[in-house]
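Structural characterization, general
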Amino acid sequence: MKADLGKLTEEFFLRYSNRDVAPVIFYSPGRVNLIGEHTDYNGGYVFPCALDFGTCLVVRKNDGNGHRFISLNFPETETITVANGYSPLEKSWINYPLGVINEFEKSGFHIGGLEMLFYGDIPNGAGLSSSASIEMVTAIAVNELSGAGLETMELVKMSQRAENMFVGMNCGIMDQFAVGFGRKDHAINLNCDTLEYRYAPLNLGTARIVITNTNKRRGLTDSKYNERRAECDKAVEYLNAYRKITNLSDITLSEIEVLDKYIPDPVVRKRAKHVITENARTLAAIDALEKNDIIAFGQLMNQSHDSLCDDYEVTGTELDTLVYEGRKLPGVIGSRMTGAGFGGCTVSLVESAYTDNFINALSEVYKLKTGLEPDFYLPSIGNGAHRIRVQ
Ligand code: GLA
């Protein structure tokens, strides 16, 4: 992140006055998922990495004068009286940090008032986990300032619970995990059932990651997301007549033909097919990367998108235009949507020599076909949430 920490501290003092006590600065990144989409809440595999842009939190304790929330990105500010538990506010960014503070209170870790100033450079609502980033930066800050001393894994789970129960978005664990555990120049090979994980060096040779933002306004993403989750639950119910399973990911690719036999609803069957094939693709992609076979990795990214488009139906005109037009361009090794879908971003692997051409050509055709202006990011892969040492 390219934030000027001196400037941020100055902004903090301007708003909270009292220059006698220095605040502390914490940072948490956004994430991009390379492959393994809509598998996390099905106990499957994902392969995300942390980005080099994210959220900073400048924070210090006060004398119990309430939790004070200010962001340089959003207009709403709030002071909330310290209590043993909190209720969500009407539609506000403050629910992300407040939900996390609520999790600490519920776990018996009490913290007097906090003065907080947030600043982030992740585009909001673009599917790059700006919410998980705010949650995790709050979690590591409260963990340290309250002396709770919890492990990162616990903070990840608390952040996910805050999003599920407090914000009301029934997400899986991938985003909070990637943001919490990210490692520079590595992707995370995570089994979302057991939470076992391994870091995979992201050696892309002469290729680089390009993220393209559809800039489509976020519409029905949350309700459609919850609908997909319900369809997967239905698939598990049907498949229990075949054998006892708890997760859709308990079914492997070698058993795929049982879907036809046991799932009568064609829509539910397609959803299950995506999840089962996506798990296999994710493992194959991780394997390909290990063998430095970037071409195979790119082809698996392409297949992942096709499955998300045809079987899981979470793409839409904007994402499909970026992906299918992008793939026609020279130097493109693979391209797919990333995150929940219905808008948000695509992630593409592009030969470095062709990234300028990719950006210019795709921008033109996308504007022509959708009337929207896309944004492009050429990120580096960064570290997970941490305290920033200020000299
Ligand atoms: C969103 C959710 C994640 C995951 C992805 C789809 O980003 O927050 O938990 O389900 O969608 O893979």
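Keep in mind that what you see is a predicted model, and the values were worked out from it rather than measured. (Residues numbered from 1 in each chain as written. Predicted model: local features only at pLDDT ≥ 70, side-chain atom pairs only at ≥ 80, totals over all residues. Heavy atoms only, no water.)

A few words on the overall build of the protein. Within the protein, the secondary structure is distributed over 11 helices and 13 strands. For the protein, the spread of C-alpha atoms along the principal axes amounts to about 65 × 50 × 40 Å. For the protein, with 391 residues in total, the buried portion stands at 57%. Partitioning the contacts of the protein with sequence separation of at least 6, the portion at a separation of at least 24 is 70%. With the model as given, the accessible surface of the protein reaches about 16,200 Å², and the carbon-plus-sulfur share is 48%. Of the side chains in the protein, 39 bear a positive and 50 a negative charge, and the two mean positions are spaced by 0 Å. (Helix = DSSP H or I, 4+ residues; strand = E, 2+ residues; numbered from the N terminus. Buried < 20%, exposed > 50% of the residue type's maximum accessible area, 1.4 Å probe, protein only. Contact = heavy atoms within 4.5 Å. Areas by Shrake-Rupley, 256 points an atom, 1.4 Å probe, with all protein chains shown as cover. Lys, Arg positive; Asp, Glu negative; His and termini not counted. Charge placed at Lys NZ, Arg CZ, Asp CG, Glu CD.)

Turning our attention to helix α5 (residues 174–181). Where burial is concerned, most of α5 is hidden: 8 out of the 8 residues are buried. All buried positions along α5 are accounted for by Met174, Asp175, Gln176, Phe177, Ala178, Val179, Gly180 and Phe181.

Along its sequence, the protein is organised into domain 1 (5–200 + 382–388) and domain 2 (202–377). Placing the centre of domain 1 and that of domain 2 at their C-alpha centroids yields a distance of 26 Å. Across the contact, 36 residues belong to domain 1 and 41 residues belong to domain 2. The contact between domain 1 and domain 2 buries some 3,000 Å² in all, and 62% of this surface belongs to carbon and sulfur atoms. Taken together, the links from domain 1 to domain 2 amount to 2 salt bridges. Between arginine 336 and glutamate 37 there is a salt bridge; the shortest N-O distance is 2.7 Å. Our count for the contact surface shared by domain 1 and domain 2 stands at 20 residue pairs in polar contact (both at pLDDT 80 or more). Tallied by class, residues from the side of domain 1 that touches domain 2 come to 17 nonpolar, 13 polar and 6 charged. (Domains from an automatic or database assignment. Buried area = accessible area lost by both parts, 1.4 Å probe. Salt bridge = Lys/Arg side-chain N within 4 Å of Asp/Glu carboxyl O. Polar contact = N/O pair within 3.5 Å; in protein donor to acceptor, adjacent residues only side chain to side chain. Nonpolar A, V, L, I, M, F, W, Y, C, P; charged D, E, K, R; others polar.)

Moving on: the site of the ligand. As a matter of local geometry, the ligand sits amid Arg31, Glu37, His38, Asp40, Tyr41, Cys171, Gly172, Met174, Asp175, Tyr225, Gly339 and Ala340. Tyrosine 225 is positioned with one of its side-chain polar atoms (N or O) 2.6 Å from an oxygen atom of the ligand. A distance of 3.4 Å separates an oxygen atom of the ligand from a polar atom in the backbone of alanine 340. For the ligand, whose unbound accessible area comes to 300 Å², protein coverage reaches 95%. Residues that form the shell around the ligand fall into these classes: 5 nonpolar, 3 polar and 4 charged. Taken domain by domain, the shell around the ligand gets at least three of its residues from each of domain 1 (5–200 + 382–388) and domain 2 (202–377). (Near = heavy atom within 4 Å.)

Moving on: unusual backbone geometry. A positive phi angle, close to 65°, is found at leucine 195, a residue other than glycine. Tracing the backbone through its elements, the reader meets leucine 195 in the loop between β7 (186–191) and β8 (197–201). Residue leucine 195 is classed as buried on the basis of its relative accessible area of 15%. In this structure, glutamate 313 takes a positive phi of about 50° despite not being glycine. With respect to the helices, strands and loops of the structure, glutamate 313 is situated in the loop between α9 (294–310) and α10 (317–326).

Per the counting criterion, the structure on display carries 0 disulfides. Looking at the unpaired cysteine 171, the closest cysteine sulfur is the one in cysteine 192, lying at 11 Å. With relative accessibility at 7%, the residue cysteine 171 sits in the buried group. Cysteine 345 carries a free sulfur, and the closest cysteine sulfur to it, the one in cysteine 49, is 13 Å from it. Look at cysteine 345 and you get buried, because its relative accessible area is 0%. (Disulfide = S-S within 2.5 Å.)

This next bit is on the pairing of strand β3 (residues 48–61). Along β3, 13 of the 14 residues are buried, which leaves the element largely enclosed by surrounding structure. Sheet topology places strand β1 (residues 24–33) next to β3; 9 bridges connect them, and they run antiparallel. Note on β3: the bridge partner recorded for tyrosine 27 is cysteine 56. Both β3 and strand β6 (residues 114–120) contribute to a ladder of 7 bridges, which runs antiparallel. (Pairing = 2+ DSSP bridges.)

Quick look at the sheet that holds β8 now. Spatially, 3 strands are ordered β2-β7-β8 in an open sheet, and the strand pairing comes out antiparallel. In this open sheet, the two strands that pair with only one neighbour each are β2 (45–46) and β8. Examined bridge by bridge, β2 and β7 share 2 bridges and lie antiparallel to one another. Residue pairing across strands places valine 46 opposite leucine 190, the latter belonging to β7.

Bringing the pattern of salt bridges into the picture now. The full count for this structure, using the stated rule, is 28 salt bridges. Of the charged contacts, one joins arginine 228 and glutamate 227 as a salt bridge, the two residues approaching to 3.0 Å between their closest N and O atoms. The class for glutamate 227 is partly exposed, based on a relative accessible area of 34%. Arginine 271 is paired through a salt bridge with glutamate 231; the nearest N and O atoms lie 2.7 Å apart. Taken together, the residues span a long stretch of sequence, with arginine 271 in helix α8 (residues 266–290) and glutamate 231 in helix α6 (residues 221–239) at a distance of 40 residues. A relative accessible area of 4% places arginine 271 in the buried class. Look at the salt bridges and you will find they share partners, linking Lys224, Glu227, Arg228, Glu231, Lys270, Arg271 and Glu313 into a network.

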